[in-house]
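Per-entry structural report
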Amino acid sequence: MTEKAPSEAPACGPEETASEPAKAPTTEPSGEVAALASTGEERAPTPQEPAPTAPAAPAATKPAPASEDVPSAPLQLALEDVSDSSVTVSWEPPERLGRLGLQGYVLELCREGGSEWVPVNARPLMVTQLTMRNLALEDKFFLRVAAVSSAGAGPPAVLQQPVHIQKIIEAPKIRVPRHLRQTYIRQVGEPVNLQIPFQGSPKPQASWTHNGHALDSQRVNVRTGDQDSILFIRSAQRSDSGCYELTVRLEGLEAKAAIDILVIEKPGPPSSIRLLDVWGCNAALEWTPPQDTGNTELLGYTVQKADKKTGQWFTVLERYHPTTCTISDLIVGNTYSFRVFSENQCGLSASAAATKELARIQKADIVAKPKGFVERDFSEAPSFTQPLADHTSTPGYSTQLFCSVRASPKPKIIWMKNKMNIQGDPKYRALSEQGICTLEIRKPSPFDSGVYTCKAVNVLGEASVDCRLEIKGKGTRNVLLQGPSFNRNHLFSCLTR
């Protein structure tokens, strides 16, 4: 048999599967060790107290039957794993299995300083790896394994060094949360609550320092559990800023983590402000930085202006970094005052630095100098740029005559019919605007036909234009009957003429 058995086989019991029924070795003490259930894991035996005069390394020899009937010693016995409560060993099958075949393996244990070997498994198991559990801390013992056939157990293979069950130490490790890997910023008066997880077995000792010194127990509270440490400050002050270092120690090992905390507040106002100059619609300001920046960098300055008439403040510049500025587009005739706020991450300063002087925006004196200017005389006698045109119209429908005249000063317009002045006649309406002269004849009849004249007169002269207006007389009866402004009395007078 040369193949390796499974890594962990069940102990003997009702669930055990084997090719042939196993026999207990003759050298196995009965009733000393109870096998576990079918998991391939054995509990530690409880042997009798060894004699104090026993040798440190017990002999591994046993009386054995004839060498041809029993297998040889297992090969490559080694420790696979040792914890604070268990041991796992493995081995390889022997070179010679014997004529009667292999029944299994028996693992035996001997306490350090004793001489009695106690079997770990009561019956032989067909496995090449075995785990012993529930071992006591600080226990030391030797292990050996022997191959068993129906003729008996062969020579054992012995571990040369004793197995020591010790407490397994897990090195301490601190896991800093992501948001604490950069500067942790809080405002004055806000609480500070840092929860830092760590690892380590057994429970390590945790301690905190502030800038290399012990914490002030009057202001800072620390609570350390099995897996984390919590630092709590009820109301943060600027003096709480600095580097907080957490140290976790265990059995000479330690881990450290540093956390930077910055406690800030609103900055103070600029130290002073001065109105440098006023010209045109502009004013120049200058101020000095504040003495207290709030324990952090400034984001800039906010500049505001106020008119003396209204007293309302308006923001001109925001987050402005220089300490000098020019304010433009001021209104002529107004008087202004200015103020400047400082700003950081907490906001604007509680107060502002205001100018004591007022900026008066005065109207500039402008003097006209008509050097060499000769005023042009635009006076001229009337002249018609567009004459009247002859026109034919239909009785009963209003008609208009148009012409255009140019003159300076403005001329007087006179309308005539057949050389007779028709001003004031309600049948006619004369208009003159921007040199355009219009004569409207309301509901003309054939008797309104004739020569119409437009005459323009001013101090420099006069001009006139004529046109002929013809009102068609045919179909007068039908036009009057069908017209939109039919009047029975007017019709009667027209028919009797």
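Residues numbered from 1 in each chain as written. Predicted model: local features only at pLDDT ≥ 70, side-chain atom pairs only at ≥ 80, totals over all residues. Heavy atoms only, no water.

Labelled according to an unreviewed UniProt entry, the protein appears under the name Myosin-binding protein H, originating from Leptonychotes weddellii. Check the Function (unreviewed entry) section of the UniProt entry for the protein; it says "Binds to myosin; probably involved in interaction with thick myofilaments in the A-band." (UniProt positions renumbered as here; feature names shortened; annotations may be inferred.)

Turning to the overall build of the protein, a few remarks are in order. Secondary structure assignment for the protein yields two helices and 37 strands. Here the analysis covers contacts within the protein between residues at least 6 apart in sequence; of these, 67% occur between residues at least 24 apart. With an accessible surface of roughly 29000 Å², the protein has 49% of that area assigned to carbon and sulfur atoms. (Helix = DSSP H or I, 4+ residues; strand = E, 2+ residues; numbered from the N terminus. Contact = heavy atoms within 4.5 Å. Areas by Shrake-Rupley, 256 points an atom, 1.4 Å probe, with all protein chains shown as cover.)

Below, the discussion takes up the nonpolar core. Counting residues in each nonpolar core, the largest one holds 23 residues, and the members touching the most others are Val 87, Val 89, Leu 107, Phe 141 and Leu 143. The biggest single contributor to this core is strand β7 (residues 140–149), with four residues. Leave out the neighbours within four places in its chain, and Val 87 touches Leu 79, Asp 81, Val 82, Leu 130, Thr 131, Met 132, Leu 135, Phe 141, Leu 143, Val 163 and Ile 165. In this structure, Tyr 184, Val 192, Ala 236 and Ile 259 belong to the second largest nonpolar core, which totals 21 residues. (Core = buried A, V, L, I, M, F, W, Y, C linked by side-chain atoms within 4.5 Å. Buried < 20%, exposed > 50% of the residue type's maximum accessible area, 1.4 Å probe, protein only.)

Bridging between strand β14 (residues 205–210) and strand β18 (residues 242–250) involves six bridges; their strand directions are antiparallel. Paired with Ala 206 across the strands is Val 248, a residue of β18. Pairing between β18 and strand β19 (residues 253–264): nine bridges, direction antiparallel. Bridged to Glu 245 within β19 is Ala 258. What sits between the antiparallel neighbours β18 and β19 is a turn of two residues, in which Glu 251 has the positive phi angle 50°. (Pairing = 2+ DSSP bridges.)

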